[in-house]
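Below, each chain spelled out in residue letters.
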Amino acid sequence: VSAVRRILVVNLTRFGDLLQTSPVIVGLRAQHPGARITALVPRNFVDVAEGLPAVDDVRPFDFDGLARLLLAGKSADIRAAYAIVEGLVAELRAERFDLAVNYSSSRMSAVLLGLVGATDTRGWTMTPDGHRLITHPWSRVFSGSCLHRRQQPFNLVDYYKRAAGVVGGPQRLFFDVPAAARARAAELLAAEGAPEGTPLVALQLAASREVRRWPTASFVALGRALHERLGARMVLIGGGGDRPYAEEVAAALGPMAIDVCGRTSIAELGAVLERSRVLVTGDTGPMHMAVAVGTPVVSLFFGPALPFDTGPYGADHLCLHADVPCAPCGHSVTCLDPFCRDTIAPEAVAEAVVARSTGDWAALEAAADRFPAVRWYRTGFDAEGLFDLERLGSAPIDRREQLRRVYRAVWKHALDGTLPQLRGPRLEREAATLRALVPLAAEGGARAAVVENLARRATDLVALEDAARRVEESAAELYRFGAMHEPAAFLVQVFRFDKENIAGDGVAEIARATRVLHEELARRARLLADLLDPPAVAPRAVPAGGGYDARPS
Amino acid sequence: VSDHREPNLRALAARDPAAHARVRDATPLAGATVAAATGVPTLEVGGVLLHSRHDPAGEATRWAATQRGRLDAGADTAVVLGLGLGYHVEALAAVWPGRLVVVEPDADLLATALAARDLRPLLERIELAPDPLGPDTIDGWGRVVVAPHGPSLLRAGEGLRSLKERITGRTALRDLRLRILVISPLTGGSYPLTGYCARALAELGHAVTVLDTSPFASALGGIGGFTPKKAVQKAIGEAFANFLGTGVLAAVEHHDPDLVLGMAQAPLSGAVLRELGRRGTVRAMWFVEDHRLFGYWKDVIAEYDHFFTVQAGEFLAEASRSTAGRVAYLPCAADPAVHRPFPLCAEERVELGAPVSFLGAGYHNRRIAFRSLLDLGLKLWGTQWKGAGQLESAVQRGGARITTDDMVRIFNATDVNLNLHSSTYVDGVDPRGDFVNPRTFELAACGAFQLVDERALLPPLLRPGVEVATFRDAAELRPLVEHYLAHPDERAAMAAAGRARVLAEHTYRHRMEALLEAVCARDADRLRARTRGETVADVAHACGNTPLGHFLGELSPGMPFSLDGVAKGLLGRPGRLSDPEAIMLFLRELDGMYVEEHRT
């Protein structure tokens, strides 16, 4: 029987992210049946949180109110804001959480989790002296992956699950559409001349940023094609701020369109999606909502969006990824020529929707070869239950894809102990880079061992200080190596987070942990290299007969 | 006139041994005491009559009455500047029951007064301010009203006037927490000082922002690439200066500082300074330059409220004539957080160490003077050594720029650090050299031994032969280097003494304290009028006996209350964060993520 009685799940980001925590919450409930689960969410997403099964208690967090007070900025306002946070912290502390899981990777949330002080906190939190702490190895790999997204090995939801200690867990998202919302959506659609049974395809027209928005002209062309081929009507969805796009598309499509954009609550949006056969969308909150209510998704990835990290978490959805060399853009860049949006042709999307709505996977394989400017992926789960993307069509695996897959295998091995099984092209160049990292890491480990020994003997402080500095020099060299060599960057970044998060009493213990990290880095680098460029004989690191399969295909 | 000297001295010895020691051997001013019409003695020194020739006591009573009103407004201590023969102090003591301090730095005048009148009752009642007057003494006085004795100030001149400024400045500063914008130069020797000054000002409890203009240095350097025509380059340069000025004004608009402190060569044109003046911002410049080499000070000095120089003497007078603002001497200093003894590993000693080295640019006089040291293991660090002939063989790292970090290591690793103030025209030591460069203080703060050329302003700062070793000319250099190389004990003793002196008197914190005191002595009212809104103390009071109230109670009480100000500096501090600290940090993060961009 689990000793965990009270669980806090914190997600202070967007509504899509909140939906993506649903499998974790359901998984936590299954693992700790007696525990009470509290979700701390921004106040405007309370109705999303209330639709998550297994949440016992939704604690709204009034961001907007706090922000207004801070914007006003008088001392009385700041004191009022202070009192709100103080009250929230007191309430949360009183719950005496055994487990807190923070899914917002921000300093702000880290400070809050530090204040709440649960017995066991996963994700970003704060040490008593105010430093950021990323407490779970999966959270650290996630934080590292955000900086090296080209090698993004896992879906966000899997990071969420593993960090919370959820083993297996549901392979889908959840949202319970309230009956009232369902009724209201039915009314809305009926009023637009779409009674129950009308074939509907939902179109999410907008996105958080311009560079993430598929052009309205493409949506119009898609709508016409789908109306012709499926006899379907297009339901235009979105928020109040998306009205201009909806008006433009609605005007072009005429009676083919049903414009409910800005006219639904989030729960009613769920109900509308429930009624749709397919949703066509970018990487958006409604995409996750469709997955949660069981509607197949054809999702378009371009700009900064990647199907690997935020793709629709469920089986048999489609991801169309614009295959341009610069993908994905960094989150902090502003692209002045987002040509990747136009790489995804309306004809390709129409093909995807038609074939997906009839479940014709052979047609989709053929379509993937007909539209090679786009990578076609089918969503699913691997043998370990981790979300995976299956490439459709007959294109061979390229270097970029292979590096990502090798990283996936290495992290699975490192974090879960899964034995790597992999085929693909041989990447000698990348392997050579990783092999060059091995001695650097080993040297750092040896230097840490010197510190460890000196500290245990507690003798010469000057020598100890000198030895400790040499360890830092080693680390600096490793960081520099990571910065210079893309194939090694992700590995080194996670090493860096691991190192920053070493906790321990006393120099010897910290030095020991530092040594272990260096040794781990060396092992991981060697494994990466061997998987990228398998040696003639299987390396000894992997037990014989352990399913190791790294031969080139 | 009877001689009251001995009984007065005995009374003083009992009351204030330090003052007694100061007066004991002083000589009364000859022939200065004369009888007034009322029969009591009065005093005339250097053509200044210190008390009435008719009725000194009556005059004193009227003076005391005017001071009384100021004291009643709230004071712990009345500080009278100038003792004279004491009539005015007696009159003030008769109407003011509180603490009474007399500042009289002139021991001879004290001796004159003690000889002229029976001051025993007065000596019982008053305290004589110690000389030199330390900051702790001033702080011990609490709320101060300064009562200047006009004739004494007239007679004593600069000495007593500067004491007055120190006292009024320091006491005014106590209640002021200023917003200060420190503006760096684009590049050059005074650039690192920007950070040192900013840190010191922040340590003194002020809200400091640095405007770092170094990102524009390469743009300035690139102007020559547009055209080889000098006149056109000049026009582009002016446009560039206007561009920087616009930026400075934008920064001032955003930060709304009470005080702008420009470091030498900061991009502050006359027009920008005038605009700052219109806004009511106090404008100060620390001109850490040789005025003979950098003449631009003449164009801008009139726009500054305060102009601080590292040169004294004639230049101070000349500069003062050029402005209605205040000009004051403020020598360079060191930052003990940066310039410190530093343990080096063996490898570093090999690379960075040497029997003799010099770190700095290859100016003309250095190229001449250092030649004689080539066979003593000389290393030269820094830029502009190309074409230095034989000396080039001693140049390290190909004449690359040396970082501050490495500089400190090099100072620490060198047996004899050379420090020769630059000159573009003298062959060795500049005979007219006056100011002391930052390197002098930085070397001393590192606990490193240095051999520095004699400078007119050096002895009061660091005692030659005790706290620092000096040389008079290039010919003396080699024998002195050989001597000190052979006497490591002398080196160690001098280095230690030099470091102790710098830590005690010559840090940037000392300088910034002096600078702010000078600013406040003149502009306290203007600055006080600017401090708007609530202070941390106000909010702490409003929060009462709550965790937030206690937390705020520990911060600088006079600091303007703002989320940023309160949260600043919480991170990176050792020790546990308290709840109020963490909550403030949370709000600050939230502000940064969601609110800041909406602020106009």
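I'd like a rundown of unusual backbone geometry, residues and numbers included.
In the segment running from Ala327 of chain A into Pro328 of chain A, the intervening peptide bond is cis, with an omega of -10°. Tracing the backbone through its elements, the reader meets Pro328 of chain A in the loop between β13 (318–322) and α15 (340–343). Backbone torsion omega between Asp131 of chain B and Pro132 of chain B reads 0°, so that peptide bond is classified as cis. Counting through the fold element by element, Pro132 of chain B comes out in the loop between β6 (127–128) and α7 (135–140). Positive phi outside glycine occurs at Arg397 of chain B, with the angle close to 50°. Secondary-structure assignment places Arg397 of chain B in the loop between β15 (378–381) and α18 (404–413).

Before we move on, can you summarise the interface of chain B and chain A with the specific residues and values?
At the junction of the two partners, chain B supplies 33 residues and chain A supplies 29 residues. Together chain B and chain A conceal approximately 2800 Å² of surface at their shared face, both sides included; 72% is due to carbon and sulfur atoms. Viewed at the interface, chain A and chain B are joined by three salt bridges. One salt bridge in this structure joins Asp579 of chain B and Arg93 of chain A, with 2.7 Å as the shortest N-O distance. Remark: the boundary between chain B and chain A carries three residue pairs in polar contact (both at pLDDT 80 or more). Counting only elements with at least two residues in the side of chain B that touches chain A, the list comes to α16 (346–352), α23 (536–543), α24 (547–553) and α26 (579–595) of chain B. Per element, the largest residue contribution to the side of chain B that touches chain A is 14 residues, and it comes from α26 of chain B. For the side of chain B that touches chain A, the class distribution of residues is 22 nonpolar, two polar and nine charged.

Lay out the packing of aromatic side chains with the relevant residues and their values.
All names here are of chain A. Within the structure shown, the criterion is met by 30 aromatic pairs over all chains. With 5.6 Å between their ring centres and 75° between their planes, Phe308 and Tyr377 make a pair best called edge-to-face. Taken together, the residues Phe308 in helix α14 (residues 307–310) and Tyr377 in strand β14 (residues 374–381) connect sequence positions 69 residues apart. Accessibility classification places Phe308 together with Tyr377 in one group, the buried group.

Any chance you could break down helix α11 (residues 243–253) of chain A for me, citing the residues and the numbers?
Residue and element names in this part refer to chain A. Of the residues making up α11, those classed as buried are Ala246, Val249, Ala250 and Leu253. For α11, the arc enclosing every buried residue in end-on projection is 100°, short of the 170-degree limit, so these residues lie on one face. Where α11 is buried, its residues meet α10 (216–230), β9 (233–237) and β10 (257–259).

Describe in detail the pattern of salt bridges, supporting the description with residues and values.
Pairs can form between side chains of opposite charge whenever their charged atoms are close. All names here are of chain A. Evaluated as defined, the whole model comprises 88 salt bridges over all chains. For the salt bridge of Arg29 with Asp56, the shortest nitrogen-to-oxygen distance reads 2.6 Å. Residue Arg29 is located in helix α2 (residues 22–31), and its partner Asp56 is located in the loop between α3 (46–50) and β3 (57–61); the two are separated by 27 residues in the primary sequence. Within the structure, one salt-bridge network assembled from shared partners comprises Arg6, Arg36, Asp57, Arg59, Glu91 and Glu95.

Tell me about helix α16 (residues 346–358) of chain A, residues and numbers included.
Each α-helix turn comprises 3.6 residues. Residues three or four places apart therefore point the same way. Residues and elements named next belong to chain A. When the terminal C-alpha atoms of α16 are compared, their 19 Å separation across 13 residues agrees well with the 18 Å that a helix rising 1.5 Å per residue should span. By the criterion of burial, α16 is predominantly enclosed, with ten of the 13 residues buried. Listed as buried for α16 are Pro346, Ala348, Val349, Ala350, Glu351, Ala352, Val353, Val354, Ala355 and Arg356. Downstream of α16 by a residue or two, Gly359 has a phi angle that is positive, lying close to 70°.

Lay out the sheet that holds strand β14 (residues 354–359) of chain B with the relevant residues and their values.
All names here are of chain B. The five strands lie next to each other as β15-β14-β16-β17-β18, forming an open sheet whose pairing is parallel. Edge strands, defined here as strands with exactly one partner in the open sheet, are β15 and β18 (469–471). The average angle at which neighbouring strand axes cross in this sheet is 25°, direction not considered. Judged from the four bridges that link them, β14 and β15 form a sheet pairing that is parallel. Its bridge partner lying in β15, Leu359 is registered against Trp381. Set on the sheet, α18 makes contact with β14, β15 and β16 (414–419); between it and β16 the angle comes to about 115°.

Tell me what's going on with the sheet that holds strand β4 (residues 99–102) of chain A, and back it up with residues and numbers.
Residues and elements named next belong to chain A. The parallel open sheet is built from five strands, whose spatial order is β3-β2-β1-β4-β5. Two strands bound the open sheet, and with one partner strand each, they are β3 and β5 (120–122). Across the sheet, the mean angle from the axis of one strand to that of its neighbour is 15°, orientation sign disregarded. Contacting β1 (6–10), β2 (36–42), β4 and β5, helix α6 (residues 107–116) runs over the sheet at an angle of about 175° to β4.

I'd love a proper account of the confidence of the model for chain B, names of residues and values included.
On average, residues of chain B score 91 in pLDDT, and 97% of them reach the 70 mark or higher. Interface scoring of the predicted complex returns ipTM 0.85; its pTM is 0.63.

Which residues make up the nonpolar core, and what are the values?
In terms of nonpolar packing, the biggest core is built from 105 residues, with Leu28, Phe175, Leu273, Leu434, Leu437 and Leu491 of chain A touching the most fellow members. Among the elements that line this core, the one with the most residues is helix α22 (residues 507–532) of chain A, at nine residues. Look past the residues within four positions of Leu28 of chain A in its chain and what remains in contact with it is Ile7, Val9, Ile37, Leu99, Ala164 and Val166 of chain A. Residues Ala284, Ala328, Leu352 and Val408 of chain B belong to the second largest nonpolar core, which totals 87 residues.

Can you break down the packing of helix α4 (residues 63–72) of chain A against helix α5 (residues 75–94) of chain A residue by residue, with the values?
Residues and elements named next belong to chain A. The geometry of α4 relative to α5 is characterised by a closest axis approach of 8 Å and an angle of 155° between their N-to-C directions. When the axes of α4 and α5 are compared, the pair comes out roughly antiparallel. Helix-helix and strand crossings are classified by hand; for α4 and α5 the assignment is left-handed. Facing Leu66, Leu69, Leu70 and Ala72 of α4, the residues of α5 in contact are Asp77, Ile78, Ala80, Ala81, Ile84 and Val85.

I'd love a proper account of the packing of α10 of chain A against α11 of chain A, names of residues and values included.
Two quantities define a packed helix pair, namely the angle between the helix axes and the distance between the axes. All names here are of chain A. Their axes nearest at 10 Å, the elements α10 and α11 cross at an angle of 35°. Of the two possible hands of crossing, α10 and α11 adopt the one that is right-handed. Side by side, α10 and α11 meet where Thr216, Phe219, Val220, Gly223 and Arg224 of the first sit next to Tyr245, Glu248, Val249, Ala252 and Leu253 of the second. For the contact of α10 with α11, a count of residues per class yields six nonpolar, two polar and two charged.

Describe the environment of Val95 of chain B, and please don't skip the residues or the numbers.
Residue and element names in this part refer to chain B. With respect to the secondary-structure elements, Val95 resides in helix α4 (residues 87–95). Linking Val95 and Ala64, residues 31 residues apart in sequence, is a C-alpha distance of 7.4 Å. Every residue in contact with Val95, bar those within four places of it in the chain, is listed here: Ala64 and Arg68.

Please provide a residue-by-residue account of the environment of Val48 of chain B, values included.
All names here are of chain B. Of note, Val48 is situated in strand β3 (residues 48–49). For the pair Val48 and Arg155, spaced 107 residues apart in the sequence, the C-alpha separation amounts to 6.0 Å. In this view, Val48 contacts Leu43, Pro151, Leu154 and Arg155; residues no more than four positions away in its chain are not counted.

Analysis parameters
- Residues numbered from 1 in each chain as written.
- Chains lettered and ligands numbered in written order.
- Predicted model: local features only at pLDDT ≥ 70, side-chain atom pairs only at ≥ 80, totals over all residues.
- Heavy atoms only, no water.
- Helix = DSSP H or I, 4+ residues; strand = E, 2+ residues; numbered from the N terminus.
- Contact = heavy atoms within 4.5 Å.
- Buried area = accessible area lost by both parts, 1.4 Å probe.
- Salt bridge = Lys/Arg side-chain N within 4 Å of Asp/Glu carboxyl O.
- Polar contact = N/O pair within 3.5 Å; in protein donor to acceptor, adjacent residues only side chain to side chain.
- Nonpolar A, V, L, I, M, F, W, Y, C, P; charged D, E, K, R; others polar.
- Phe/Tyr/Trp six-rings, centres within 6.5 Å; stacked < 30°, edge-to-face > 60°.
- Buried < 20%, exposed > 50% of the residue type's maximum accessible area, 1.4 Å probe, protein only.
- Arc of directions from axis to C-beta.
- Expected span 1.5 Å × (residues − 1).
- Pairing = 2+ DSSP bridges.
- Axes fitted to C-alpha atoms, helices over the stretch in contact; angles between N-to-C directions.
- pLDDT = per-residue confidence, 0-100.
- Core = buried A, V, L, I, M, F, W, Y, C linked by side-chain atoms within 4.5 Å.
- Parallel < 35°, antiparallel > 145°, perpendicular 65-115°, else oblique.
- Left-handed = near helix turned anticlockwise from the far one by under 90°.

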